[in-house]
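Examining the three-dimensional arrangement
The primary structure of each chain is shown beneath.
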Amino acid sequence: MPYLLLIHEPIGQRQAAAGPKAKRFYQRMLRFAGELKQRGVLRAVESLTSQDEAVRVKVGKAGRKSSDGPFAEAKEMVGGFFLLDCASRDEAIAIARECPAAEWATVEVRATGPCYT
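In this text the structure is predicted, and so the values were computed from the model without any measurement.

**A look at the overall build of the chain**
Helix and strand counts for the chain stand at 3 helices and 6 strands. Reading the chain from its N end, one meets helices and strands in the order β-α-α-β-β-β-β-α-β. For the C-alpha atoms alone, the extent of the chain along its principal axes is close to 50 × 45 × 20 Å. Contacts in the chain between residues far apart in sequence, at least 24 positions, make up 79% of those at least 6 positions apart. If you sum the accessible surface of the chain, you get close to 8300 Å²; carbon and sulfur atoms cover 52% of it.

The following block contains the structure:
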């Protein structure tokens, strides 16, 4: 069953950890992704750019609108994700606990599924 691990990181953390420390963190994440691939559970993984570069699109009564970031003040941003193929929710949670990002960010575990049933 597909599960998404969303990495919620504190705003400004990337700028604060720039340099060699950031490179070490990133290398750990790459190794983790490689291990998940070898285990056969990794479907996709991506790091996301800062929310300052994001654009939101909404279609409503006033028509199609888009707005550039930054958006509402937040303490965290989605910094990346892992899409996994796990046998169970417990397996997805166990993998989230192994994720290096859990040391400096929150790793949210979400099952995929239809919006409406």
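**Considering the pattern of salt bridges**
Counting across every chain of the model gives 4 salt bridges. R39 is the partner of E98 in a salt bridge, and the nearest nitrogen-oxygen pair spans 2.7 Å. Taken together, the positions of E98 in helix 3 (residues 89-98) and R39 in helix 2 (residues 20-39) put the pair 59 residues apart, joining distant regions of the chain.

**Examining helix 3**
The periodicity of an α-helix, 3.6 residues per turn, causes residues three or four positions apart to be oriented the same way. Residues of helix 3 that are buried: A92, I95 and A96. Along the axis of helix 3, the buried residues cluster in a sector spanning 105 degrees; they form a single face. Opposite the buried face of helix 3, at more than 90 degrees from it, the exposed residues are D90 and R97. In this structure, the buried side of helix 3 is in contact with strand 1 (2-10), helix 2, strand 5 (76-85) and strand 6 (106-111).

**Re the nonpolar core**
F82, L84, I95 and C99 are the most contacted members of the largest nonpolar core, which totals 19 residues. At the level of elements, strand 1, helix 2, strand 5 and helix 3 are the ones that each hand at least two residues to this core. Broken down by element, the residue count for this core peaks at 4 residues, all from helix 2. Ignoring sequence-local partners within four residues, the contact set of C99 consists of I7, M29, F32, F82 and V107.

**Observations concerning the sheet that holds strand 6**
Strands in a sheet are paired, the pairing made by backbone hydrogen bonds, and the direction either parallel or antiparallel. Strand order across the open sheet formed by 4 strands is 2-5-1-6, with antiparallel pairing between neighbours. Edge positions in the sheet fall to strand 2 (42-47) and strand 6, since each of these pairs with one other strand and no more. Across the sheet, the mean angle separating the axes of adjacent strands is 20 degrees when strand polarity is ignored. Note that strand 1 and strand 6 share 6 bridges and pair antiparallel. By the bridge assignment, L6 is partnered in strand 6 with E108. Helix-sheet contacts for helix 2 involve strand 2 and strand 5, and the interaxial angle to strand 5 is about 20 degrees. Packing against the sheet, helix 3 makes contact with strand 1, strand 5 and strand 6, and its axis sits at approximately 30 degrees to strand 1.

Procedures and definitions
Residues numbered from 1 in each chain as written. Predicted model: local features only at pLDDT ≥ 70, side-chain atom pairs only at ≥ 80, totals over all residues. Heavy atoms only, no water. Helix = DSSP H or I, 4+ residues; strand = E, 2+ residues; numbered from the N terminus. Contact = heavy atoms within 4.5 Å. Areas by Shrake-Rupley, 256 points an atom, 1.4 Å probe, with all protein chains shown as cover. Salt bridge = Lys/Arg side-chain N within 4 Å of Asp/Glu carboxyl O. Buried < 20%, exposed > 50% of the residue type's maximum accessible area, 1.4 Å probe, protein only. Arc of directions from axis to C-beta. Core = buried A, V, L, I, M, F, W, Y, C linked by side-chain atoms within 4.5 Å. Pairing = 2+ DSSP bridges. Axes fitted to C-alpha atoms, helices over the stretch in contact; angles between N-to-C directions.

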